[in-house]
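Single-letter residue listing:
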Amino acid sequence: GTDVVREGLDLSSGAADALRILLSGNTGTIRGTAPRGKMIIYEDSRGSHPGVFTDSSGQFRVDGLAPGRYRLRVLQEEGEKEIAVQEGETATVDLR
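Residues numbered from 1 in each chain as written. Predicted model: local features only at pLDDT ≥ 70, side-chain atom pairs only at ≥ 80, totals over all residues. Heavy atoms only, no water.

Here we look at a nonpolar patch on the surface
Right, on to step 1. A surface patch of nonpolar side chains, amounting to about 620 Å² of accessible area, comprises V4, L9, L11, L19, I21 and L23.
Right, on to step 2. Mapped onto the elements, L9 comes out in the loop between α1 (4-7) and β1 (28-33). (Patch = residues over 30% accessible without salt bridge, like charges linked within 9 Å, V, L, I, M, F, W, Y side chains within 5 Å. Areas by Shrake-Rupley, 256 points an atom, 1.4 Å probe, with all protein chains shown as cover. Salt bridge = Lys/Arg side-chain N within 4 Å of Asp/Glu carboxyl O. Helix = DSSP H or I, 4+ residues; strand = E, 2+ residues; numbered from the N terminus.)

Some thoughts on the sheet that holds strand β5 (residues 59-65)
Right, on to step 1. If you trace the three strands from one edge of the open sheet to the other, you get β5-β1-β8, paired in mixed fashion. Strand pairing shows two members of the sheet lacking a second neighbour, β5 and β8 (90-94), which therefore form its edges. Between one strand axis and the next, the sheet turns through 20° on average, direction left out of account.
Right, on to step 2. Summarising the sheet, β1 and β5 pair through five bridges and their orientation is antiparallel. (Pairing = 2+ DSSP bridges. Axes fitted to C-alpha atoms, helices over the stretch in contact; angles between N-to-C directions.)

A short note on the pattern of salt bridges
Right, on to step 1. Here the structure, examined in full by the defined rule, presents six salt bridges.
Right, on to step 2. Residue K38 is joined to E77 by a salt bridge in which the shortest nitrogen-to-oxygen separation is 3.6 Å. Taken together, the positions of K38 in the loop between β1 and β2 (39-44) and E77 in the loop between β6 (68-74) and β7 (81-85) put the pair 39 residues apart, joining distant regions of the chain.
Right, on to step 3. K38 sits in the partly exposed class, given a relative accessible area of 32%.
Right, on to step 4. One salt bridge connects R46 with D44, and the closest N-O pair in it is separated by 3.0 Å. (Buried < 20%, exposed > 50% of the residue type's maximum accessible area, 1.4 Å probe, protein only.)

What about unusual backbone geometry?
Right, on to step 1. Backbone geometry at Q76 places phi at a positive 65°, although glycine is not the residue there.
Right, on to step 2. Q76 gets classed as exposed once you look at its relative accessible area, which sits at 75%.

In structure tokens:
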């Protein structure tokens, strides 16, 4: 019942109950638009991740995301947007 990706897992004093680990390869994706040739920074509750660049048409894509909330912004520009990503979902965002 605990999401250890965000909270961490402390077994230093042993496990109180049986430990059940659920893994999934059904990750989420964020697709979006922003000014072309710009770096997009994305963060979740654990902090920043390596950025991605928009292509010549201003499109970007971030694959392999764990379900959760992400904050996205264009590097060296004002403002940010928050988006939720579910397991297996492709969420879209416009950062222009």
